[in-house]
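# Breakdown of the fold
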Amino acid sequence: MVTLNSFLVLGALVFCIGLFGALSKRNAVAILMSIEIMLNAVNISLVAYASSFQSYAGAGHGERLTGQIFAIFIITVAAAEAAVALAMIIAIYRRRSTIDVGQINLMRW
Amino acid sequence: MSIDVATVAFYVIAITLVGSSLAVVLLRNIVHAALFLAVVFGAAAGVYVLLNAEFIAIVQILIYAGAVTILVLFAIMLTQNAMSQSSSPFSGQTWLAAIIAVALAAGLIFTVGASQMALGSANASANMVHAINGGGSVARIGQLLYSPFNYSYVLPFEIASVVLLAAIIGAIVIGRED
């Protein structure tokens, strides 16, 4: 039997895989891909809660779908973030001929 | 304990999702990682279908598996030879990152197991039956997003469109040739 817990554990596992990638990769595009995985994991958790509350008698129609609405806005912001971040990566590559985040250290303390 | 379709589908999709996420993070070849990223997005769409969220599943396939994967592949193509092939794709802080990720995963899974909120929940198979009988939630989502009469998310929706416009203009300004 698949309960809400299963989906939340799945979301937590995928989120932590994405976190590991975002913290450990050197290629800026790979870091962006890891961040997209993390956003997807959060969406899975939100939609799982929305689906769980659909059968919850006390909630009105609006409350039942709030998680899905949040997921839609997260997808919107993630698309905007991907476009801007990839433009930045290409601009950095054009100026410095590298996208290794270890070598982009102008603001390093 | 009987085995139903929803349980089998959940475990197939979950194993696909976790396995391809690990492939994205661990593969040395960035193009292969980007292709596995498309598999991650498709498996997430499958999770949304299981959760009775058809609209989110379609949006996921259109935006993520369609647009974002293509954007990432274009960025990889335009930044070829930026990373030397011989060196490791991981930075020096890999072990610290692994410790942080495993500790966070353990904490989150412990919290989910101990939470009052997560315990009293309906199961996914009941939701699938509900989806087949009730015709889904797309109309309700549309009313929530657009309806000007009762409480809805019209204002956040309009702000999101402004965010998208700003992102488009910003991407063009940042990415153009000087």
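For the structure, check the block above.
The following paragraphs examine the structure supplied in this document. (Residues numbered from 1 in each chain as written. Chains lettered and ligands numbered in written order. Predicted model: local features only at pLDDT ≥ 70, side-chain atom pairs only at ≥ 80, totals over all residues.)

### Topic: unusual backbone geometry
- Even without being glycine, Ser97(A) reaches a positive phi, approximately 60°.
- Looking at where Ser97(A) falls in the secondary structure, it is placed in the segment after helix H3 (61-96).
- Given 11 C-beta atoms within a 10 Å radius, Ser97(A) is considered exposed.
- Residues other than glycine seldom take positive phi values, yet Asn52(B) does so here, at roughly 65°.
- Relative to the helices and strands, Asn52(B) resides in the loop between helix H2 (30-50) and helix H3 (54-78). (Helix = DSSP H or I, 4+ residues; strand = E, 2+ residues; numbered from the N terminus. Buried ≥ 20, exposed ≤ 12 C-beta atoms within 10 Å, placed from the backbone.)

### Observations concerning the environment of Val24(B)
- Checked against the element boundaries, Val24(B) lands in helix H1 (residues 5-26).
- Assessed through the 27 C-beta atoms surrounding it within 10 Å, Val24(B) is described here as buried.
- Discounting chain neighbours no more than four positions away, the residues touching Val24(B) are Gly21(A), Met33(A), Ile37(A), Ala33(B), Phe36(B), Leu37(B) and Val40(B). (Contact = placed C-beta atoms within 7 Å.)

### Quick notes on the environment of Val14(A)
- Here Val14(A) is to be found in helix H1 (residues 4-24).
- C-alpha separation for the pair Val14(A) and Ile69(A), spaced 55 residues apart in sequence, amounts to 21 Å.
- Ignoring any residue separated from it by four or fewer positions in sequence, one finds Val14(A) in contact with Ile37(A), Asn40(A), Ala41(A), Leu17(B), Val18(B) and Ser21(B).

### As for the interface of chain A and chain B
- Contact with chain A, which involves 67 residues of that partner, is made by 75 residues of chain B.
- Mapped onto the side of chain A that touches chain B, the elements with two or more residues apiece are H1, helix H2 (28-54) and H3 of chain A.
- With 23 residues, the top contributor of residues to the side of chain A that touches chain B is H3(A).
- For the side of chain A that touches chain B, the class distribution of residues is 43 nonpolar, 20 polar and 4 charged. (Nonpolar A, V, L, I, M, F, W, Y, C, P; charged D, E, K, R; others polar.)

### Thoughts on the packing of H1(A) against H1(B)
- Interaxial distance between H1(A) and H1(B) falls to 9 Å at its minimum, and their mutual angle equals 10°. Between H1(A) and H1(B), the angle falls in the class roughly parallel. On the side of H1(A), the interface is formed by Ser6(A), Leu10(A), Leu13(A), Val14(A), Ile17(A), Gly18(A), Phe20(A) and Gly21(A), while H1(B) contributes Phe10(B), Ala14(B), Leu17(B), Val18(B), Ser21(B), Leu22(B), Val24(B) and Val25(B).
- In terms of residue class, the contact of H1(A) with H1(B) is made up of 12 nonpolar, 4 polar and no charged. (Axes fitted to C-alpha atoms, helices over the stretch in contact; angles between N-to-C directions. Parallel < 35°, antiparallel > 145°, perpendicular 65-115°, else oblique.)

### Digging into H3(B)
All names here are of chain B.
- Over its 25 residues, H3 runs 35 Å from end to end, which matches the ideal 36 Å to within 8%, given 1.5 Å per residue.
- Where H3 bends most, the angle comes to about 30°, and this point is Gln60.
- Where H3 is concerned, the buried positions are Phe55, Ile56, Ala57, Gln60, Tyr64, Val68, Thr69, Leu71, Val72, Ala75 and Ile76. (Expected span 1.5 Å × (residues − 1). Bend = angle between axes of the 7 residues up to and from the residue.)

### Concerning the packing of H1(A) against helix H4 (residues 94-114) of chain B
- With their axes 9 Å apart at the nearest point, H1(A) and H4(B) run at an angle of 165° to one another. Relative to H4(B), H1(A) is oriented roughly antiparallel. Like other packed secondary-structure pairs, H1(A) and H4(B) cross with a definite hand, here right-handed. On H4(B), the residues touching Asn5(A), Leu8(A), Val9(A), Ala12(A), Leu13(A), Cys16(A), Leu19(A), Phe20(A), Leu23(A) and Ser24(A) of H1(A) are Thr94(B), Ala97(B), Ala98(B), Ile100(B), Ala101(B), Leu104(B), Ala105(B), Leu108(B), Ile109(B), Val112(B) and Gly113(B).
- Here the contact of H1(A) with H4(B) is built from residues that sort into 17 nonpolar, 4 polar and no charged. (Left-handed = near helix turned anticlockwise from the far one by under 90°.)

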